[in-house]
Amino acid sequence: MTTLASPPAVPKTARRMRRRSRWTGWGFVGPFMAVFALVFLAPIAYSLWLSLFQTQLVGGTSFVGLDNYARALSDPQFWAGVGRVTLFLLVQVPVMLGISLLVALALDSGRLYGRDFFRLTIFLPYAVPGVVAALMWGFMYGERFGLVGNFNDLLGTNIPDPLASTLVLPAIGNIVTWEFVGYNMLIFYSALRVVPTSLYEAAEIDGAGPWRVISAIKLPAIRGALVIATIFSIIGSFQLFNEPSILQPLSPNYISTHYTPNLYAYSLSFSGQQYNYSATVAIIMGVLTMLVAYVVQLRGMRKEA
Amino acid sequence: MTIRHHRAVGAVAAAGALALALTACGSGSDGPSAAEDVTPEDVAAALEEGGDLLVWAWEPTLDKVVEEFEAEYPNVDVELANVGTGNDHYVALQNAIGAGSGVPDVAQMEYYALPQFSIAGSLADLAPFGASELDGTYSPGTWNAVTDGDAVYGLPMDSGPMALFYNAKTFEEAGVEVPATWDEFVEAARAIHEHDPNTYITADNGDAGFATSMIWQAGGHPFEVDGTDVTVNLADEGSTKFAETWQQLIDEGLLADVPGWSDEWFQGLGSGEIAALVTGAWMPANLESGAAPAAGDWRVAPMPQWTAGANETAENGGSSLAITEASEKKALAYGFLEYANAGDGVATRLEGGNFPATLADLTDEEFLAEEPEYFGGQKINEVLSASATGVVEGWQYLPYQVYANSVFPDTVGQAYTGSTPLTDALGAWQESIVSYGDEQGFTVSE
Amino acid sequence: MSNVLMTAPTVRARSSRPRLRVRRTSHARPTRSVLLTVLTALIGVYALIPLVWLLINATKTQPDLFSSFGLWFSGDFALWDNIVGVLTYDGGVFGRWFLNTLLYVVLGAGGATLLALLGGYGLAKFDFPGKRAVFAVVIGAVAVPGTALAVPTFLMFANMGLTNTPWSVIIPSLISPFGLYLMWTFATDAVPDEIIEAARIDGAGEARTFFQVCLPMMAPGIVTVLLFTVVATWNNYFLPLIMLRDPDWYPLTLGLNAWNAQATTAGGEAIFNLVIAGSLLTILPLVVAFLLLQRYWQSGLAAGSVKE
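Here is what the cut-offs are and how they apply
- Residues numbered from 1 in each chain as written.
- Chains lettered and ligands numbered in written order.
- Predicted model: local features only at pLDDT ≥ 70, side-chain atom pairs only at ≥ 80, totals over all residues.
- Helix = DSSP H or I, 4+ residues; strand = E, 2+ residues; numbered from the N terminus.
- Buried ≥ 20, exposed ≤ 12 C-beta atoms within 10 Å, placed from the backbone.
- Contact = placed C-beta atoms within 7 Å.
- UniProt positions renumbered as here; feature names shortened; annotations may be inferred.
- Pairing = 2+ DSSP bridges.
- Axes fitted to C-alpha atoms, helices over the stretch in contact; angles between N-to-C directions.
- Nonpolar A, V, L, I, M, F, W, Y, C, P; charged D, E, K, R; others polar.
- Parallel < 35°, antiparallel > 145°, perpendicular 65-115°, else oblique.
- Domains from an automatic or database assignment.
- Expected span 1.5 Å × (residues − 1).
- Bend = angle between axes of the 7 residues up to and from the residue.
- Core = buried A, V, L, I, M, F, W, Y, C linked by C-beta atoms within 7 Å.
- pLDDT = per-residue confidence, 0-100.

**So, the overall build of chain A**
And then number 1: On a plain count of helices and strands, chain A comes out with 14 helices and 2 strands.
And then number 2: Taking all 305 residues of chain A together, the buried fraction comes to 55%.
And then number 3: A fraction of 67% describes how many contacts in chain A between residues 6 or more apart in sequence connect residues 24 or more apart.

So, in structure tokens, the structure goes:
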């Protein structure tokens with residue numbers, strides 16, 4: 001996993017500093033890692049331990065070894081959820097990052113009227129709390145009395161209920177996109193802002209057009225941002241939880257308790273008291289996520305080479 | 001009392017590493033609190049002596065009850081905390097019990113959730129405090145819900161005998177009579193929808209509480225519980241009656257596919273496009289505040305019957321107050337319970353819009369004579385009280401009903417999308433219930 | 001996309017250029033394009049429609065809310081009444097929630113930014129045993145779904161006596177893996193090694209070097225991380241839901257949800273108008289904060305790049 005994140009390599013200067021004290025660095029990283037250990041590592045370790053047991057309402061706790069893992073690996077509800085988030089990942093992440101990138105490039109081009117206004121408005125959805133988003137989207141998606149319904153009445157169109165069957169996943173994808181386009185846009189935009197001017201000057205001299213500048217200078221320059229945004233988006237997709245859980249009361253028959261793996265783990269733990277199995281599902285999902293993120297990282301870096 | 005929860009998933013969090021091994025099941029005759037009976041004098045003494053009491057409840061009318069209680073017993077300091085409605089509340093409670101710290105002395109318990117906590121040994125048996133003597137104080141449906149054999153696990157706070165709430169204007173416009181039987185209900189559903197395709201007799205996209213109440217009214221006993229022995233049969237006569245009738249409404253598209261308590265739902269109730277609701281007697285207050293535009297249009301009629309002329313009903317929703325086994329101030333807590341649910345607190349709550357569980361109030365002249373304007377001056381409490389007397393006896397919830405209800409949409413909900421018949425969907429629900437019960441160590445038979 | 005225990009789910013990174021230079025703003029300003037503006041405006045409209053809904057509906061009374069078209073004004077203009085209602089309902093508890101949220105944001109997001117800053121700097125400028133493992137461990141841990149860790153975390157915190165205290169919300173908010181990554185890359189770029197060396201040669205200690213020399217150079221990065229952690233903490237919902245039981249400690253999100261749930265309670269008064277107006281009031285401070293931070297962030301960015 002060490003190559004996973006490849007922030008800038010630590011060059012020779014660091015080596016020079018090592019002489020001073022091998023451990024000084026920990027003085028800076030230590031506080032973060034201490035809290036991190038408390039709120040991330042300890043619960044994970046606890047979950048690993050939990051995943052080896054089974055607790056029953058009647059009968060108490062017993063050691064079951066890897067039974068929970070065996071069960072998860074052959075659990076169709078779990079794998080259906082994994083399939084669903086994979087599909088989601090393949091469609092939603094490219095769309096979202098694509099829009100984010102385009103907007104970031106547009107903002108960065110300096111060819112927009114009202115650049116600051118757009119930067120603010122597009123980022124705004126990220127600031128909306130989930131509870132509020134649920135209210136808003138519940139209204140927007142309402143087929144009978146909501147906006148979709150109003151739309152259909154007004155224009156005589158026949159937009160189907162976004163919260164019915166096949167459209168639920170796109171409906172969720174839409175909310176996620178809405179929330180995070182601005183967020184990713186800002187990441188790309190700030191990466192673009194620090195591309196060294198000298199590169200543009202060189203391009204100008206070469207007479208390169210705007211598209212050439214984008215493909216030859218801008219995109220390679222922000223590759224690091226793109227890769228990391230992709231990795232975190234993958235993690236986000238695999239952990240998809242908030243949006244389906246928000247929409248669930250509005251579409252209970254289409255968003256099942258095992259709609260996504262994370263929702264499944266949540267339901268197992270919070271409505272079924274099956275926290276041993278829930279911990280197992282979470283750990284397997286964690287491993288899967290890491291594997292995918294790792295592959296993306298490798299590919300992203302290879303292209304760079 | 002929650003009717004339905006907004007948080008998606010059913011409740012009750014894991015109890016952590018602590019096994020909620022069943023301690024005393026069923027009779028409750030050997031719980032620690034039963035070792036010696038507590039006399040009313042002990043309770044009075046505890047109230048006199050005072051102390052702090054932590055109460056977790058979301059029932060809004062309790063605010064005032066607590067205020068008055070503290071005025072009456074100045075040495076008692078009640079901290080009333082709303083830790084969430086329904087599911088969130090149970091999650092918090094289960095977490096606190098699992099962690100063994102921060103457990104409240106008193107917790108609100110919906111009737112359907114009570115067995116889950118009582119069978120796990122999390123609730124104190126109130127019989128030794130003299131709760132058994134309150135038998136006869138409450139409507140049979142609610143008393144049955146809080147007792148298990150000789151043990152009493154809570155005192156009923158309110159009740160939800162079911163009735164037919166309907167928008168008289170919509171019915172008139174459609175020229176439809178108010179249905180008295182379920183067959184008539186189906187007929188009325190057709191007529192109303194035919195008259196105006198945007199109007200539906202009711203909204204239902206699958207609701208565990210509603211479905212179980214319907215089965216209850218139809219005389220079904222899908223869940224039978226004796227200690228850790230559980231029998232599940234969602235294909236019994238009552239369940240089938242419900243399924244067959246409701247299937248017609250689903251097939252013909254006569255139900256508004258609007259989830260309860262959503263803003264669309266309130267809109268429909270306000271606009272008259274959802275013409276009726278078959279639900280618990282607590283509904284008036286919610287209609288008044290949530291469906292204000294339809295003021296004056298709504299009326300209440302008896303719940304439609306399976307046999308013409310009968311008075312058979314069921315409870316829907318409603319909750320009690322219970323004392324946790326972990327409480328160290330059970331006598332004091334019982335003093336509060338008695339005040340709130342059997343004493344002066346009852347009147348205060350009724351004023352605040354609660355529907356009573358106490359028989360005396362259900363038959364109170366003044367209560368019955370109330371003529372709320374929202375319902376066009378109809379004496380609705382007469383209808384609702386009559387429903388309370390008709391609640392079919394012998395109903396039981398599962399000792400893990402909260403979980404079962406959480407997977408209801410996964411299984412029975414599929415019938416509402418038209419992908420499977422309701423009877424099959426009930427079978428799928430039964431399958432989930434059975435396998436979960438087995439997994440949790442219950443002895444489940446079908 | 002979500003992760004409950006982690007504060008900032010997505011990421012940005014910066015290309016690893018050794019030097020940043022003043023941006024090209026001074027010369028060769030490109031001509032503005034109407035077409036491009038219109039296309040971007042489409043995305044802007046997409047982002048704004050739900051917010052416009054919120055704004056419009058915050059002006060409606062409870063009955064109007066359910067009987068009028070959602071995207072236009074209707075009935076009495078009740079915005080002011082609703083705001084007063086929000087601020088006074090239930091003994092003005094909204095104000096208390098607001099202060100709680102502020103507390104969580106100041107300590108949580110502030111602390112998260114500080115820890116990320118220190119950690120990022122340490123990773124960028126020092127070589128130490130276990131360094132290569134640090135980020136791998138962080139990313140690996142982030143990949144485990146947080147919702148499933150909620151119960152173990154709760155039990156641990158309960159054993160430490162932290163549940164139902166502000167600390168149970170603040171401590172987990174202190175970790176922002178994305179913030180760490182951002183500060184790492186930023187410190188690498190923005191703080192030249194030569195300057196650190198020079199400070200050391202002058203005899204400054206590591207702490208002094210960091211606070212007096214390097215900190216100012218990292219200001220733009222700090223503001224960016226702060227922006228993300230503030231938003232994440234402000235909107236934190238799941239964690240407080242698990243950890244807090246006393247409404248007096250609720251943040252705004254939990255409080256609004258409690259109000260929203262109130263309508264589903266028998267005898268509970270439906271106060272959707274207050275929920276919506278309250279939501280608007282909840283978002284406003286973030287918008288203001290963003291506007292203020294944005295200005296600083298912009299100038300800070302430039303300032304950071306001038307220094308060489």
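**Thoughts on the overall build of chain C**
And then number 1: Looking only at helices and strands, chain C features 13 helices and 0 strands.
And then number 2: In sequence order, the secondary structure elements of chain C are arranged as α-α-α-α-α-α-α-α-α-α-α-α-α.
And then number 3: By the burial criterion, 56% of the 308 residues in chain C qualify as buried.
And then number 4: Here the analysis covers contacts within chain C between residues at least 6 apart in sequence; of these, 77% occur between residues at least 24 apart.

**Concerning the UniProt feature "transmembrane region" (unreviewed entry) in chain C**
Residue and element names in this part refer to chain C.
And then number 1: In the UniProt entry, the feature "transmembrane region" (unreviewed entry) is given for residues 33-56, 97-121, 133-157, 169-188, 209-234 and 270-293.
And then number 2: From the first C-alpha to the last, residues 33-56 spans 32 Å; its make-up is 96% helix and 0% strand.
And then number 3: Summarising residues 97-121: 100% helix, 0% strand, and an end-to-end C-alpha distance of 35 Å.

**Some words on the pairing of strand β2 (residues 60-63) of chain A**
Residue and element names in this part refer to chain A.
And then number 1: Two elements, strand β1 (residues 53-56) and β2, share 4 bridges in a ladder whose sense is antiparallel. Residue pairing in the sheet places Thr 55 in a bridge with Thr 61 of β2.
And then number 2: Once β1 ends, the chain turns through 3 residues before running back antiparallel as β2, passing Gly 59 with a positive phi of about 115°.

**Comments concerning the sheet that holds strand β7 (residues 162-167) of chain B**
Residues and elements named next belong to chain B.
And then number 1: Strand order in this open sheet of 3 strands is β12-β7-β13, and the pairing throughout is antiparallel. If you trace the sheet from one side to the other, it starts and ends with β12 (276-280) and β13 (298-302), each paired once. Strand after strand, the sheet turns through a mean of 30° between neighbouring axes, direction not considered.
And then number 2: In this sheet, β12 lies alongside β7 in antiparallel orientation, the contact comprising 5 bridges. Across the sheet, residue Tyr 166 finds its bridge partner in β12, namely Ala 276.
And then number 3: Here helix α11 (residues 283-290) sits on the sheet in contact with β7, β12 and β13, set at roughly 135° to β12.
And then number 4: Helix-sheet contacts for helix α16 (residues 380-389) involve β7 and β13, and the interaxial angle to β13 is about 30°.

**Points about the UniProt feature "transmembrane region" (unreviewed entry) in chain A**
All names here are of chain A.
And then number 1: Following the UniProt record, the feature "transmembrane region" (unreviewed entry) maps to residues 25-49, 85-105, 117-142, 162-183, 221-241 and 275-296 here.
And then number 2: Across residues 221-241, helical content stands at 81% and strand content at 0%; the span's end C-alpha atoms are separated by 33 Å.
And then number 3: The distance separating the terminal C-alpha atoms of residues 275-296 is 31 Å; by composition the span is 100% helix and 0% strand.

**Some thoughts on the interface of chain C and chain B**
And then number 1: Every contact between the two is made by 28 residues of chain C and, on the other side, 42 residues of chain B.
And then number 2: Secondary structure elements with two or more residues in the side of chain C that touches chain B: α2 (62-65), α5 (146-159), α11 (238-243) and α12 (252-262) of chain C.
And then number 3: A per-element tally of the side of chain C that touches chain B places α5 of chain C first, with 5 residues.
And then number 4: When grouped by side-chain class, the residues that make up the side of chain C that touches chain B number 15 nonpolar, 10 polar and 3 charged.

**Some words on the packing of helix α1 (residues 40-49) of chain B against helix α12 (residues 330-341) of chain B**
Residues and elements named next belong to chain B.
And then number 1: Interhelical geometry of α1 versus α12 gives an angle of 90° and a closest axis separation of 8 Å. Classified by the interaxial angle, the pair formed by α1 and α12 is roughly perpendicular. In this structure, α1 contributes Asp 42, Val 43, Ala 46 and Leu 47 to the contact, and α12 contributes Ala 331, Leu 332, Tyr 334 and Gly 335.
And then number 2: Tallied by class, residues from the contact of α1 with α12 come to 6 nonpolar, 1 polar and 1 charged.

**A short note on the domain arrangement of chain C**
All names here are of chain C.
And then number 1: Structurally, chain C comprises domain 1 (35-77) and domain 2 (92-306).
And then number 2: The straight-line distance from the C-alpha centre of domain 1 to that of domain 2 is 30 Å.
And then number 3: With 8 residues of domain 1 at the contact, the number on the domain 2 side is 8 residues.
And then number 4: Counting residues per element, the ones that place at least two in the side of domain 1 that touches domain 2 are α1 (34-57) and α2.
And then number 5: Along the lines of polarity and charge, the residues of the side of domain 1 that touches domain 2 split into 4 nonpolar, 3 polar and 1 charged.

**A look at the interface of chain C and chain A**
And then number 1: With 103 residues of chain C in contact, the opposing surface of chain A contributes 110 residues.
And then number 2: The greatest single-element share of the side of chain C that touches chain A, amounting to 12 residues, is contributed by α1 of chain C.
And then number 3: Of the residues that constitute the side of chain C that touches chain A, the class distribution is 62 nonpolar, 26 polar and 15 charged.

**Structural notes on unusual backbone geometry**
And then number 1: The phi dihedral of Gln 273 of chain A is positive, around 55°, even though this residue is not glycine.
And then number 2: As for its placement among the helices and strands, Gln 273 of chain A is situated in the loop between α13 (261-270) and α14 (275-304).
And then number 3: On the basis of neighbour count, Gln 273 of chain A is assigned to the buried category, with 30 C-beta atoms found within 10 Å.
And then number 4: For Trp 261 of chain B, which is not a glycine, the phi torsion comes out positive at approximately 70°.
And then number 5: In this structure, Trp 261 of chain B sits in the loop between β11 (255-256) and α10 (263-271).
And then number 6: Accessibility expressed as a C-beta count within 10 Å gives 23 for Trp 261 of chain B, which makes it buried.

**Re the sheet that holds strand β6 (residues 155-156) of chain B**
All names here are of chain B.
And then number 1: Strand order in the open sheet formed by 5 strands is β2-β1-β3-β14-β6, and the pairing between neighbours is mixed. Strands with a single pairing partner mark the edges of an open sheet, and in this sheet they are β2 (76-81) and β6.
And then number 2: When strand β3 (residues 106-110) meets strand β14 (residues 319-323), the two strands line up antiparallel, connected through 5 bridges. Pairing of Val 106 across the sheet is with Ile 323, part of β14.

**A short note on the environment of Ile 217 of chain A**
All names here are of chain A.
And then number 1: Position of Ile 217 among the secondary structure elements: in helix α10 (residues 210-221).
And then number 2: C-beta crowding within 10 Å serves as the criterion here: with 18 such atoms nearby, Ile 217 is assigned to the partly exposed category.
And then number 3: Distance from Ile 217 to Gly 130, taken between C-alpha atoms, is 38 Å for residues 87 residues apart in sequence.
And then number 4: Not counting chain neighbours up to four residues away, the residues in contact with Ile 217 comprise Val 195, Leu 199, Tyr 200 and Ala 203.

**Notes on the packing of helix α7 (residues 177-190) of chain C against helix α10 (residues 219-234) of chain C**
Residue and element names in this part refer to chain C.
And then number 1: The N-to-C vectors of α7 and α10 enclose an angle of 170°; their axes lie 10 Å apart at closest approach. One element, α7, and the other, α10, form an angle in the roughly antiparallel class. Residues Phe 178, Gly 179, Leu 182, Met 183, Phe 186 and Ala 190 of α7 lie in contact with α10, whose contacting residues are Gly 221, Thr 224, Val 225, Phe 228 and Thr 229.
And then number 2: In terms of residue class, the contact of α7 with α10 is made up of 7 nonpolar, 4 polar and no charged.

**Side note on helix α8 (residues 168-193) of chain A**
All names here are of chain A.
And then number 1: For α8, built from 26 residues, the straight-helix expectation of 38 Å at 1.5 Å per residue is met to within 8% by its first-to-last C-alpha distance of 37 Å.
And then number 2: Its axis deflected by about 40° at Phe 180, α8 carries its strongest bend there.
And then number 3: Within α8, 24 of the 26 residues are buried, which leaves the element mostly enclosed by the surrounding structure.

**Comments concerning the environment of Asp 88 of chain B**
Residue and element names in this part refer to chain B.
And then number 1: Structurally, the position occupied by Asp 88 is in helix α3 (residues 87-99).
And then number 2: A tally of 26 C-beta atoms within 10 Å means that Asp 88 is categorised as buried.
And then number 3: Through-space distance from the C-alpha of Asp 88 to that of Pro 179 is 37 Å; in sequence the pair is 91 residues apart.

**Section: the nonpolar core**
And then number 1: The biggest cluster of nonpolar side chains holds 336 residues, and the ones touching the most others in it are Phe 188 and Val 281 of chain A, Phe 165 and Phe 336 of chain B together with Met 183 of chain C.
And then number 2: Ranked by residue count, the leading element in this core is α8 of chain A, at 17 residues.
And then number 3: Discounting chain neighbours no more than four positions away, the residues touching Phe 336 of chain B are Leu 53, Phe 69, Val 78 and Val 106 of chain B.

**Digging into the confidence of the model for chain C**
All names here are of chain C.
And then number 1: Chain-level pLDDT for chain C is 79 on average; 84% of the residues reach the 70-or-more range.
And then number 2: Overall, residues 1-27 carries pLDDT values under 50, and its contacts beyond four positions in sequence, including any with other chains, amount to 114 contacts.
And then number 3: Under a pLDDT of 50 for its full length, residues 299-308 has, in the predicted model, 19 contacts with residues more than four places off or in other chains.
And then number 4: Under the prediction, the complex receives an ipTM of 0.80, its pTM being 0.84.

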